[in-house]
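Structure assessment
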Amino acid sequence: SDHQAFTLENLKALTNQLNDYSYAYHVKDEPLVPDAEYDRCYRELQKIEVKHPEWIQPDSPTQRVGEKPDNGFSSVLHTVPMLSLDNAFDNDSMVDFDERIQKLSGKASITYCCEPKLDGLAISLRYEDGHLVRGLTRGDGLTGEDITSNIKTIYSVPLKLRTETPPPVLEVRGEIYMPKAGFEKLNQIAAEKGEKAFVNPRNAAAGSLRQLDPKVTAARPLVLCAYSIGYAEGWSQPDSHYDGLLQLSEWGFKVNDLMSRVEGVQGCLDYFAQLSEQRDGLSYDIDGIVYKVDSIAQQKQLGFVARAPRWAIARKFPAQEEVTQ
Ligand SMILES: Cc1ccc(Cn2cc(C(N)=O)ccc2=O)c(C)c1
C-alpha cells in the first residue's frame, strides 16, 4: 500500500527491496517485478528520504548519483598491484605455457579457469565491512585514479555486499564495459545531437568513466563484470579461482556466465575454438580469452615473472576488420 507510515523500518525495508529488485534486473538479468513497480517503490522511498534525510541508508539506490569530486580524481596506490598478462599467439605457445606450469608445479594435469577477455576498462573496488568505499582505475597497475563517484552510478556495482557476514576488507577486480546495443544507442543519440560518435565500446566506456560529472556517467550504459578477488582481510578465500568467482556472484557481483573450468591444454584449446565461434553473437565485445591456473595455491607457488604472473596468459583473437564507413 502506498500509505505506509514514514518509519525507519519501512525505509530500510524499501531500500532492501529495491536492492533485491536491482540485483535481479542488473546482475542476474532476471527481473522480479515490472519496471513500473520498481519505479513506484523507488518514489515511495524518495518520499520518506526527503522527510527524514538522517535515515537515508548508505546503500540506498538514491545515493548512486552524487556530486562531482571537488578536486578531480586523486591518485591512489593499489593495495595489490593490478598486473598485466603475457599473451599467447597460437596453440603452440599455449602448449608451452601448460608444459612450463606442469614442470614448475610438478603436476601431470593442470586445471584452468577460462574466461572471455572483455574489451573494457579494468577497475578495483574496495569494500569495508561490506560497504563500497572506493573505486580505482587500473592506471599503470601500481597506482590508479579514484573514480568512486562515477563507479557508484553503475547499477551492477553493489553498494553493499549481499551478506550479513562480509569480510572486514575485500578488494574486487573487474572490467567495466559497454554492451554493443548500448554503444549503438549512444552513438545514435550523439548523431541526432550532431555530436562526435564514439569509435568503439571500449573508448565509449573509457570516456564515460573519465567524466568529472557523475550525472553524465550515470546516463551511460555501463556494466561491471567481476573477474578476480584482489585482496581480502579476515576471510580465507577458496583454493579455486572459479569458486572465488562463484562467491563474488553470491555477494552481488555479475560474473561472466561463459566462465568455465577445464582440464589441461586441450581443454583450453577447445574453449578457445568454441568462443571464436560464439564471439560475433555476444552482446559485448571481447578481444580474447584469459586462462588462469584454477588452484590459488598453485598460483602462489608459480608467482610472477617481472610484472606478469607465470600462472596466467591471455590469447587474443585476430583483430576484427574495421567497419568501413
Ligand atoms: C521506470 C523504470 C524503472 C526502472 C528501470 C530499470 N530497472 C528495472 C528493475 C526491475 N524491473 O526490477 C530494477 C532496477 C532497474 O533499474 C527502467 C528501465 C525503467
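Higher on the page you've got the structure.
So, the overall build of the chain
Of regular secondary structure, the chain possesses ten helices and 13 strands. Here the chain has a C-alpha radius of gyration of 21 Å; the compact-globule value for 325 residues is 20 Å, and the two agree. Split into buried and exposed, the 325 residues of the chain put 48% on the buried side. Across the chain, contacts joining residues at least 24 apart in sequence account for 75% of those joining residues at least 6 apart.

Some details on the site of the ligand
Taken together, the neighbourhood of the ligand is formed by Y21, S22, Y25, H26, V33, P34, D35, Y38 and D39. For the ligand, whose free accessible area comes to 450 Å², the fraction covered by protein is 74%. Listing elements by their share of the shell around the ligand, those giving two or more residues are α1 (8–27) and α2 (35–51). The residue inventory of the shell around the ligand, partitioned by class, reads five nonpolar, two polar and two charged.

Observations regarding helix α3 (residues 91–105)
Each full turn of the α-helix corresponds to 3.6 residues, which orients residues three or four apart in the same direction. Helix length check: α3 (15 residues) gives 21 Å between terminal C-alpha atoms against 21 Å at 1.5 Å per residue, within 8%. Within the span of α3, buried status applies to M94, F97, D98, I101 and S105. For α3, the arc enclosing every buried residue in end-on projection is 90 degrees, short of the 170-degree limit, so these residues lie on one face. Exposed residues pointing more than 90 degrees away from the buried face of α3 are listed as D92 and K103. Against β2 (87–88), β3 (111–118), α9 (264–278), β10 (286–293), α10 (296–302) and β13 (312–316) lie the buried residues of α3.

A short note on the side chain of S228
Relative to the helices and strands, S228 is located in strand β8 (residues 223–233). With a relative accessible area of 14%, S228 lands in the buried category. In contact with S228, not counting residues within four places along its chain, are E171, V172, R173, H241, L245, L248 and K292.

Section: the pairing of strand β5 (residues 131–137)
With five of seven residues buried, β5 is to be regarded as a mostly interior element. Pairing of strand β4 (residues 121–128) with β5, which is carried by six bridges, proceeds in the antiparallel orientation. Its bridge partner lying in β5, R126 is registered against R134. From the end of β4 to the start of β5, which pair antiparallel, there are two residues, and D129 there has a positive phi angle of about 50 degrees.

Let's talk about helix α8 (residues 241–250)
Taken together, the buried positions of α8 are H241, G244, L245, Q247, L248 and S249. Capping of α8 at its N-terminal end is provided by S240; its side-chain oxygen lies 3.2 Å from the backbone amide nitrogen of Y242. G252 occupies a position one or two residues after α8 and carries a positive phi of about 120 degrees.

Quick word on the nonpolar core
Among the nonpolar cores identified, the biggest contains 33 residues, and L125, I151, L248 and F253 are the most heavily contacted of them. Those residues in contact with F253 that sit more than four places away from it in its chain are V27, L125, Y127, P158, L161, V172, L224, A226 and L248. Counting residues in hydrophobic clusters, the runner-up holds 30 residues, among them M94, V262, I289 and I313.

Concerning unusual backbone geometry
Unlike most non-glycine residues, D29 shows phi in positive territory, near 55 degrees. Looking at the secondary structure, you find D29 in the loop between α1 and α2. Residue D29 is classed as exposed on the basis of its relative accessible area, which comes to 52%. Of note, D129 is a non-glycine position whose phi angle comes to about 50 degrees, a positive value. As for its placement among the helices and strands, D129 is situated in the loop between β4 and β5. Relative accessible area serves as the criterion here: at 55%, D129 is assigned to the exposed category.

Conventions adopted
- Residues numbered from 1 in each chain as written.
- Predicted model: local features only at pLDDT ≥ 70, side-chain atom pairs only at ≥ 80, totals over all residues.
- Heavy atoms only, no water.
- Helix = DSSP H or I, 4+ residues; strand = E, 2+ residues; numbered from the N terminus.
- Rg over C-alpha atoms; globule rule 2.2 N^0.38 Å.
- Buried < 20%, exposed > 50% of the residue type's maximum accessible area, 1.4 Å probe, protein only.
- Contact = heavy atoms within 4.5 Å.
- Near = heavy atom within 4 Å.
- Areas by Shrake-Rupley, 256 points an atom, 1.4 Å probe, with all protein chains shown as cover.
- Nonpolar A, V, L, I, M, F, W, Y, C, P; charged D, E, K, R; others polar.
- Expected span 1.5 Å × (residues − 1).
- Arc of directions from axis to C-beta.
- Pairing = 2+ DSSP bridges.
- Polar contact = N/O pair within 3.5 Å; in protein donor to acceptor, adjacent residues only side chain to side chain.
- Core = buried A, V, L, I, M, F, W, Y, C linked by side-chain atoms within 4.5 Å.

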